[in-house]
Amino acid sequence: MFNGNIALTEISLNRRGLLVWALILAIVILINLGSFNFFKDVGLVEMIEEYPQAFTTGLGITPEKFTNVNLYHGGLVMLYVLLLASINSMMLAGEMIIRDMEIGVVEFLYTRPITRSAIVISKAFAFLILMTLLWIIIYLVSTIIGAFGVAPALFDIYAQFTVHFMGYLACLAAGGIAFALAPLFDRTQVSTFLAIGLGLGFFLLNSLSAMHELLSFLSYLNIYYYADLAGAAMGNPFRVGMVVLPVIFIIGVIISAVLIRNKDFA
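Residues numbered from 1 in each chain as written. Predicted model: local features only at pLDDT ≥ 70, side-chain atom pairs only at ≥ 80, totals over all residues. Heavy atoms only, no water.

*Asks:* Explain the overall build of the protein chain to me, and be specific about the residues and the numbers.
*Replies:* Scanning the protein chain for helices and strands turns up 13 helices and zero strands. Shown N-terminal to C-terminal, the secondary structure of the protein chain runs as helices and strands in the order α-α-α-α-α-α-α-α-α-α-α-α-α. Residues classed as buried in the protein chain amount to 50% of the 266 residues present. (Helix = DSSP H or I, 4+ residues; strand = E, 2+ residues; numbered from the N terminus. Buried < 20%, exposed > 50% of the residue type's maximum accessible area, 1.4 Å probe, protein only.)

Put into structure tokens, the structure is as follows:
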């Protein structure tokens, strides 16, 4: 049910993308986390208090997040890091499945004495490794900037580890969704558009659900609710989310394997 050569090939093919996305996310963290003291000094809290509450809550820029570095990074900066990282995870997962169909590799790869399910599982394992490496890099960057630069005495590296772990699980869930949908398409370009659309859609649902109590039911439909980054930053991670998010990933991979097994490549 697993082929190491396929997994290693996928890791090799996507290692450059891993470095590019790690650099992008590192820059996002550097700019935003590095600006914490500046925002606090210019009185941003007072300015935010004058904005409509629905607006500030929806975008996650509530005043209290600018007075606590851990809540600021975990509940605000990482919110936007997760937006980019989830789009990357869905693009990566979708491309792993669709690329073989787009370039015609299925005529060779899927006729070898390796089951189609084993191919999908091997690709999912490669995806898991790449996402793990990406989030290790993100956590190290956050720790270096936060604990040794911005707020050495206040930046809680243990709480932030939980924040990054929940973000990692959310990206696995996003990747699982992409794995499940990928067999339905034959072009990686479609997968890219879908990843961007779903990534922005999850973010929009999260914003709308926070704006008004009547829209709170929308929170159950997005990965941000189950990741609960702000709660993790305050030392209260969402235990249910720790179960739901990896289950979504596993179910997505299973659906992908079933669809690929029954797909006609003729």
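*Asks:* Residues and numbers for the nonpolar core, please.
*Replies:* Here is a general trend for soluble globular proteins: nonpolar side chains tend to be buried in one another's company. V81, F127, W135 and F179 are the most contacted members of the largest nonpolar core, which totals 70 residues. Of all the secondary structure elements, the ones that give two or more residues to this core are helix 2 (15-33), helix 6 (69-102), helix 8 (116-150), helix 9 (157-181), helix 10 (188-211), helix 11 (223-227), helix 12 (229-233) and helix 13 (239-262). With 18 residues, helix 6 is the largest single contributor of residues to this core. (Core = buried A, V, L, I, M, F, W, Y, C linked by side-chain atoms within 4.5 Å.)

*Asks:* Give me the lowdown on the pattern of salt bridges, citing residues and values where you can.
*Replies:* This structure, assessed with the given rule, holds three salt bridges. With its nearest N and O atoms 3.7 Å apart, the salt bridge here joins E95 to R99. Of the two residues, E95 and R99 are both situated in helix 6; the distance of four residues between them amounts to about one turn of the helix. Since its relative accessible area comes to 14%, R99 is described here as buried. (Salt bridge = Lys/Arg side-chain N within 4 Å of Asp/Glu carboxyl O.)

*Asks:* Break down the packing of aromatic side chains for me, citing the residues and quoting the values.
*Replies:* By convention here, two paired aromatic rings are described through the distance between centres and the angle between planes. The full count for this structure, using the stated rule, is 13 aromatic pairs. Judged by centre distance (5.2 Å) and plane angle (45°), the rings of F36 and Y72 are tilted. With F36 in helix 3 (residues 36-41) and Y72 in helix 6, this residue pair connects regions lying 36 residues apart in the sequence. For the pair formed by F36 and Y72, the shared burial category is buried. (Phe/Tyr/Trp six-rings, centres within 6.5 Å; stacked < 30°, edge-to-face > 60°.)

*Asks:* Talk me through empty space enclosed by the protein; I want residue IDs and the actual numbers.
*Replies:* Under the criterion given, the structure shown has one cavity of 30 Å³ or more. Of the pockets and cavities examined, the largest cavity occupies roughly 60 Å³. Of all elements in the fold, only helix 6, helix 9 and helix 10 reach the threshold of two or more residues within the lining of the largest cavity. Looking at which element gives the most residues to the lining of the largest cavity, the answer is helix 10, with four residues. Among the residues forming the lining of the largest cavity, the class breakdown is nine nonpolar, two polar and no charged. (1 Å grid on protein atoms, 1.4 Å probe; cavity = no way out; pocket = protein on both sides within 12 Å on 5 of 7 lines; lining within 4 Å. Points joined across faces, edges and corners; volume = space filled by probe spheres on them. Nonpolar A, V, L, I, M, F, W, Y, C, P; charged D, E, K, R; others polar.)

*Asks:* Before we move on, can you summarise the environment of P246 with the specific residues and values?
*Replies:* You can see P246 is positioned in helix 13. Given the relative accessible area of 22%, P246 is considered partly exposed. Considering only alpha carbons, one finds P246 and A173, 73 residues apart in sequence, at a separation of 6.0 Å. Residue contacts for P246: discarding those within four places in its chain leaves L169 and G241. (Contact = heavy atoms within 4.5 Å.)

*Asks:* Give a description of the environment of F2 that names residues and reports values.
*Replies:* With respect to the helices, strands and loops of the structure, F2 is situated in the segment before helix 1 (4-13). In the structure, F2 is positioned 123 residues away from F125 in sequence and 8.6 Å away in space, judged by C-alpha atoms. Apart from the residues within four sequence positions on either side, F2 is in contact with A7, A118, S122 and F125.

*Asks:* Requested: an account of the packing of helix 9 against helix 13, with residues and values cited.
*Replies:* Running from amino to carboxyl end, helix 9 crosses helix 13 at an angle of 25°, the nearest separation of the two axes being 7 Å. By the angle class used here, helix 9 and helix 13 are roughly parallel. As helix 9 packs across helix 13, the resulting crossing turns out to be left-handed. Only G241, M242, L245, P246, I248, F249, G252, V253, I255, S256 and L259 of helix 13 make contact with helix 9, whose side of the interface consists of T162, M166, L169, A170, L172, A173, G176, I177, F179 and A180. Here the residues of the contact of helix 9 with helix 13 are counted per class, giving 16 nonpolar, five polar and no charged. (Axes fitted to C-alpha atoms, helices over the stretch in contact; angles between N-to-C directions. Parallel < 35°, antiparallel > 145°, perpendicular 65-115°, else oblique. Left-handed = near helix turned anticlockwise from the far one by under 90°.)

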